[in-house]
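Below, each chain spelled out in residue letters.
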Amino acid sequence: MTSLIRGNGTEKDPYLIETAADLQFLVLYAHIANTHYRLVNDLVIDSNEDGPWNPIGTENPSKQYCRCIFDGNNKTISGKIVIKPNTTKSNYYFSYGLFGYLYGGIIKNLNVNADVTTLPTNDMAIYLGGIAGRMNGNGSTIEKCTFTGSATIGEVLNTDLPNSKTSYWLGGIVGHVNSVSVVKDCTNKGNLSGSIVDNVNIGGIAGLYNKCEMTGCSNSGTLPKNIQGTQNTFIGTIVGNNWGTICTCCTDTSNSTLPTIGNGNEQEQVSGCTNH
């Protein structure tokens, strides 16, 4: 690893991400826990020229979750990020975005200004976010990150599973957050849109937030008011579907008539969340 990019992967001497090619090494090695990376330059990803993007950290099929600490150093990753899901065999779930699945991973100080899109897929459950698709416990954190651009879930096919139920979780920052994870001081300025499936969860910050903490986040991006043809649709300018979550001091300035929290249960603790 040290012969491929500069640095030693420690907190004091992190691996330095200097080019778009260096991001490919992050794709390969982000599963190594407690390894530190720092973005040195603004970078451009162009899926039209370079081909579909492989998210950093994945649960299916390799289970190489993102466990590293990535410091965006207030730099920007921009361009067109097109993710090509599996169209030959239906997966139960998959996480998409610049980062895919965080399990103990930390992303901080990063700006993403890109169009993030999934191509047609057979996946039964899809997680997509402007920064990351999914976070699942073990200290997973996204902090001081901003998304500008658009995040779009393409057509969901499932032609080989006529009786299946399909769902997606779409967020300006992260699609699905679960079990002792934190999203803090993040901003979404991007536009979100999705296709028709059975169950839809869309939030300006997160599509679904379950038993976690969110604080100091803001949304000014555009969300759809409804997805016609779906059985269950939960859309909120901050969180689409909120389960047992502590959500404090979050603000929406999109001038939307949508609620800040699309759906919640009796365990939720929501305070200081405003919609202007």
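Conventions used here
Residues numbered from 1 in each chain as written. Predicted model: local features only at pLDDT ≥ 70, side-chain atom pairs only at ≥ 80, totals over all residues. Heavy atoms only, no water. Helix = DSSP H or I, 4+ residues; strand = E, 2+ residues; numbered from the N terminus. Buried < 20%, exposed > 50% of the residue type's maximum accessible area, 1.4 Å probe, protein only. Contact = heavy atoms within 4.5 Å. Pairing = 2+ DSSP bridges. Axes fitted to C-alpha atoms, helices over the stretch in contact; angles between N-to-C directions. Core = buried A, V, L, I, M, F, W, Y, C linked by side-chain atoms within 4.5 Å. Disulfide = S-S within 2.5 Å. Phe/Tyr/Trp six-rings, centres within 6.5 Å; stacked < 30°, edge-to-face > 60°. Salt bridge = Lys/Arg side-chain N within 4 Å of Asp/Glu carboxyl O. pLDDT = per-residue confidence, 0-100. Polar contact = N/O pair within 3.5 Å; in protein donor to acceptor, adjacent residues only side chain to side chain.

A. Quick look at the overall build of the protein chain. A count of helices and strands for the protein chain gives two helices and 27 strands. Scored against the burial criterion, the 276 residues of the protein chain give a buried share of 54%. By sequence separation, contacts in the protein chain at least 24 residues apart represent 76% of the contacts at least 6 residues apart.

B. Local environment of the pairing of strand 8 (residues 125–129). For strand 8, the buried fraction is high: five of the five residues fall into the buried class. Bridge count between strand 5 (residues 94–96) and strand 8: three bridges; the pairing is parallel. When the bridges of strand 8 are listed, F94 appears paired with I126.

C. Highlighting the sheet that holds strand 5. The parallel open sheet is built from five strands, whose spatial order is 5-8-12-17-21. Of all strands in the sheet, those bounded by a partner on one side alone are strand 5 and strand 21 (232–236). On average, each strand axis in the sheet is tilted by 10° relative to the strand beside it, whichever way the strands run. Bridge analysis of strand 8 against strand 12 (residues 167–171) gives five bridges, and the strand direction is parallel.

D. Region of interest: the nonpolar core. Formed by 66 residues in total, the largest nonpolar core has its most connected members in F99, L110, I142, V183 and M214. Residue contributions to this core peak at five residues, all from strand 7 (residues 106–118). Here I142 is in contact with L102, I107, I131, A132, M135, I173, V174, V182, V183, K184 and C186, once residues within four sequence places are set aside.

E. Summary view of the sheet that holds strand 22 (residues 239–243). On the basis of which strands lie adjacent, the open sheet formed by six strands has the order 6-9-13-18-22-25 and parallel pairing. Unpaired on one side and paired on the other, strand 6 (99–102) and strand 25 (261–264) mark the two borders of the sheet. Averaged over all neighbouring strand pairs, the angle between strand axes comes to 10°, with direction disregarded.

F. Here's a closer look at the state of the cysteines. Tallying each qualifying case throughout the model produces zero disulfides. C186 supplies the cysteine sulfur nearest to C145, a cysteine that is in no disulfide, at a spacing of 4.9 Å. According to the relative accessible area criterion, C145 is buried, its value standing at 0%.

G. Examining the packing of aromatic side chains more closely. Scanning the entire structure with this criterion turns up six aromatic pairs. Taking the centre distance of 4.6 Å and the plane angle of 40° together, the rings of Y65 and Y101 count as tilted. Pair noted here: Y65 is in the loop between helix 2 (47–50) and strand 4 (69–83) and Y101 is in strand 6, with a separation of 36 residues, a long-range link. Comparing Y65 with Y101, the two get one shared label, buried. Members of the aromatic cluster, each reached through a chain of ring pairs, are Y65, Y101 and Y103.

H. Seen up close, the pattern of salt bridges. Counted by the stated rule, this structure contains one salt bridge. A salt bridge links R6 to E18; the nearest nitrogen and oxygen atoms lie 2.9 Å apart. Pair noted here: R6 is in the segment before strand 1 (15–17) and E18 is in the loop between strand 1 and helix 1 (20–29), with a separation of twelve residues, a long-range link.

I. Inspection of the confidence of the model for the protein chain at higher detail. Of the residues in the protein chain, 84% reach a pLDDT of 70 or more, and the chain-wide mean stands at 85. Element-level mean pLDDT values for the protein chain span from 52 in strand 26 (residues 269–271) up to 98 in strand 2 (residues 36–39).

J. Quick peek at the environment of I173. Inspection of the secondary structure puts I173 in the loop between strand 12 and strand 13 (174–178). A relative accessible area of 0% places I173 in the buried class. For the pair formed by I173 and R134, sequence separation is 39 residues and the distance between their alpha carbons is 9.8 Å.

K. Focus on the pairing of strand 12. Counting buried positions along strand 12 gives five out of five residues, so the element sits mostly inside the fold. Across five bridges, the pairing between strand 12 and strand 17 (residues 199–203) is parallel. Bridge pairing in strand 17 places L170 opposite I202.

L. Seen up close, the side chain of N136. Its location among the elements puts N136 in strand 9 (residues 132–136). For N136, a relative accessible area of 17% puts it in the buried group. In terms of polar contacts, N136 uses its side chain to reach the side chain of Y101, at 2.7 Å. If we skip the residues at most four places from it in the chain, N136 touches Y101, L102, Y103, N178, S179 and S181.

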